[in-house]
Amino acid sequence: MNGRDLAWQLPLRLTAGTYILDSGLHKWDPDEDTAKQLHGFAAGTYPFLKSVEPVIFTKALAAGEVLVGAALLIPVVPAGLAGLGLLGFGAGLLGLYARTPGMRRPGTPFPTQDGISLAKDSWLVAIGAALVAGGRR
């Protein structure tokens, strides 16, 4: 990575990577109630997840977050590849926002008070897209 690429990529990669890695590490060893809550929320939006046990789902989610976070933080991972992982992860979160009732004000893309915590994940998609686009230079 040359100095110019480092200058624009580093703040994006550090911000998103640290956030996602921390999130994954906090889910690594879930208690039953936390696992059920996370699984229920995700399975409500993505029905194919209903067949996955809550603890297994939460551990898989944690592993995915750790993997994406580490890819962003390790500079030898190409920006495009790390950005693609982040883009996919962020898109899944925005899917929760778009498809979960009560997250958006009726007839608008704007969040309700309850939806703000998911709507803010749009920055992950933006960072992922920037890393993918910039990594192709």
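Note that the coordinates shown come from a computational prediction; the quantities given were computed from them, not determined experimentally.

*Asks:* Explain the overall build of the chain to me, please; I cannot follow it from the model alone.
*Replies:* Within the chain, the secondary structure is distributed over six helices and zero strands. Listing each helix as α and each strand as β along the chain from the N terminus yields α-α-α-α-α-α. By the compact-globule yardstick of 14 Å for 137 residues, the chain fits well, its C-alpha radius of gyration being 16 Å. In terms of overall dimensions, the chain has a C-alpha envelope of 45 × 40 × 25 Å along the principal axes.

*Asks:* Could you clarify how one ought to interpret the environment of Leu96 in this entry?
*Replies:* Examined against the element boundaries, Leu96 turns out to sit in helix 4 (residues 79–99). Counting along the chain gives 52 residues from Leu96 to Gly44, while the straight-line C-alpha distance between them is 8.8 Å. Contacts of Leu96, omitting those with residues within four sequence positions, involve Phe41, Ala42, Thr45, Tyr46, Met103 and Leu118.

*Asks:* Even after reading the chapter, I still don't get the nonpolar core, so can you show me in this structure?
*Replies:* One broad rule of soluble globular proteins: the nonpolar side chains tend to lie buried together. If you look at the biggest cluster of nonpolar residues, it comprises 19 residues, and the most contacted ones within it are Ala16, Ile20, Leu72, Leu86 and Leu124. Sorting elements by how many residues they give to this core places helix 4 first, with seven residues. Those residues within four positions of Leu86 in sequence are excluded, and the remaining contacts are Ala16, Ile20, Val68, Leu72, Leu124, Ile127 and Gly128.

*Asks:* Before we go on, may I ask you to explain the environment of Thr58 in this structure?
*Replies:* Within the secondary structure, Thr58 is located in helix 3 (residues 54–73). When its relative accessible area of 0% is taken as the criterion, Thr58 is described as buried. Through-space distance from the C-alpha of Thr58 to that of Asp29 is 8.5 Å; in sequence the pair is 29 residues apart.

*Asks:* What should I look at first to understand the side chain of Thr100 in this one?
*Replies:* Assignment of secondary structure puts Thr100 in the loop between helix 4 and helix 5 (116–119). Residue class for Thr100 comes out buried when judged on its relative accessible area of 13%. A polar atom in the side chain of Thr100 sits 2.6 Å from the backbone oxygen of Leu96. Once residues lying within four places of it in the same chain are set aside, the contact partners of Thr100 are Phe41 and Thr45.

*Asks:* Honestly, the pattern of salt bridges in this entry has me stumped. Any pointers?
*Replies:* Pairing between side chains of opposite charge can happen when their charged atoms approach one another. A full pass over the atoms with the stated rule returns two salt bridges. Between Glu65 and Lys27 there is a salt bridge whose closest N-O contact spans 3.1 Å. Separated by 38 residues along the polypeptide, Glu65 in helix 3 and Lys27 in helix 1 (residues 3–27) bring together distant segments of the chain. Both residues of the pair, Glu65 and Lys27, belong to the buried class. Across the pair Asp121 and Lys120 runs a salt bridge, and its minimum N-O distance is 2.9 Å. Owing to a relative accessible area of 5%, Asp121 belongs among the buried residues under this scheme. You can call Lys120 partly exposed: its relative accessible area is 35%.

*Asks:* What should I look at first to understand helix 4 in this one?
*Replies:* Helix length check: helix 4, at 21 residues, gives a terminal C-alpha distance of 30 Å against a target of 30 Å (1.5 Å per residue), a fit within 8%. Those residues of helix 4 not exposed but buried are Ala79, Ala82, Gly83, Leu86, Phe89, Gly90, Leu93, Gly95, Leu96 and Tyr97.

*Asks:* Whenever I open this one, a nonpolar patch on the surface confuses me. Can you help?
*Replies:* Residues Leu6, Leu10 and Leu14 make up a contiguous nonpolar surface patch of about 240 Å² in total accessible area. Along the polypeptide, Leu14 turns up in helix 1.

Each value, and the rule that gives it
Residues numbered from 1 in each chain as written. Predicted model: local features only at pLDDT ≥ 70, side-chain atom pairs only at ≥ 80, totals over all residues. Heavy atoms only, no water. Helix = DSSP H or I, 4+ residues; strand = E, 2+ residues; numbered from the N terminus. Rg over C-alpha atoms; globule rule 2.2 N^0.38 Å. Contact = heavy atoms within 4.5 Å. Core = buried A, V, L, I, M, F, W, Y, C linked by side-chain atoms within 4.5 Å. Buried < 20%, exposed > 50% of the residue type's maximum accessible area, 1.4 Å probe, protein only. Polar contact = N/O pair within 3.5 Å; in protein donor to acceptor, adjacent residues only side chain to side chain. Salt bridge = Lys/Arg side-chain N within 4 Å of Asp/Glu carboxyl O. Expected span 1.5 Å × (residues − 1). Patch = residues over 30% accessible without salt bridge, like charges linked within 9 Å, V, L, I, M, F, W, Y side chains within 5 Å. Areas by Shrake-Rupley, 256 points an atom, 1.4 Å probe, with all protein chains shown as cover.

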